Amino acid sequence: GKPVGTCARVSIGQIILSIRTKDNLGIHVLEAMRRCKYKFPGRQKVLVSKKWGFTPISREEYTKLKTEGRVRPDGAYCQFDRGHGPP
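Every value quoted in this text rests on a predicted model; they were computed, and no experiment measured them.

Rules and cut-offs
- Residues numbered from 1 in each chain as written.
- Predicted model: local features only at pLDDT ≥ 70, side-chain atom pairs only at ≥ 80, totals over all residues.
- Heavy atoms only, no water.
- Core = buried A, V, L, I, M, F, W, Y, C linked by side-chain atoms within 4.5 Å.
- Buried < 20%, exposed > 50% of the residue type's maximum accessible area, 1.4 Å probe, protein only.
- Contact = heavy atoms within 4.5 Å.
- Salt bridge = Lys/Arg side-chain N within 4 Å of Asp/Glu carboxyl O.
- Helix = DSSP H or I, 4+ residues; strand = E, 2+ residues; numbered from the N terminus.
- Patch = residues over 30% accessible without salt bridge, like charges linked within 9 Å, V, L, I, M, F, W, Y side chains within 5 Å.
- Areas by Shrake-Rupley, 256 points an atom, 1.4 Å probe, with all protein chains shown as cover.
- Phe/Tyr/Trp six-rings, centres within 6.5 Å; stacked < 30°, edge-to-face > 60°.

1. Here's the deal with the nonpolar core
- Of all hydrophobic cores here, the largest spans five residues; its members are I57, Y62, L65, V71 and C78.
- If we ignore the near neighbours within four places in the chain, the residues touching L65 are I57, R70, V71 and F80.

The structure is reproduced here in structure tokens:
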């Protein structure tokens, strides 16, 4: 028959959705993701990251670097000050 819609090929363990929110809204996001996972076929897991936003560093390390002035927020990511060159 004819294809009805479009779909994406997703590998096992591949991230389907990422959400960044404030800490006080975390329980609402978890409930929304719990309800959302029933819309996808297969078994889905909802995980809470220990990282700061979409950056590769942990929350504790981000707050430490921010107090030292070595990291600047830049939209969904951040810029790192490596300690050389102009500011």
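2. Side note on the pattern of salt bridges
- Under the defined criterion, the tally for this structure stands at four salt bridges.
- For the salt bridge of R70 with E68, the shortest nitrogen-to-oxygen distance reads 3.6 Å.
- A single network of salt bridges, built from pairs that share partners, joins E31, R34 and R35.

3. Quick word on the side chain of T55
- Mapped onto the elements, T55 comes out in the loop between α1 (26-36) and α2 (59-68).
- In this structure T55 comes out as buried when scored by relative accessible area, which is 5%.
- If we ignore the near neighbours within four places in the chain, the residues touching T55 are Y77 and C78.

4. Quick notes on a nonpolar patch on the surface
- Taken together, the side chains of V10, I16, L17 and F40 make up a nonpolar region of the molecular surface, amounting to roughly 330 Å² of accessible area.
- Its location among the elements puts I16 in the segment before α1.
- For I16, a relative accessible area of 39% translates into the label partly exposed.

5. Thoughts on the environment of T21
- Along the chain, T21 turns up in the segment before α1.
- Since its relative accessible area comes to 34%, T21 is described here as partly exposed.
- Taking the C-alpha atoms as reference, T21 lies 8.0 Å from G53; in sequence the two are 32 residues apart.

6. What to know about the packing of aromatic side chains
- The tally for this structure, following the rule as stated, stands at one aromatic pair.
- With centroids separated by 4.4 Å and ring planes inclined at 10°, the aromatic side chains of W52 and Y62 adopt a geometry described as stacked. With W52 in the loop between α1 and α2 and Y62 in helix α2, this pair connects stretches of sequence that are ten residues apart.
- The exposure class of W52 is partly exposed, given its relative accessible area of 33%.

So yeah, pure geometry; function would need other evidence.
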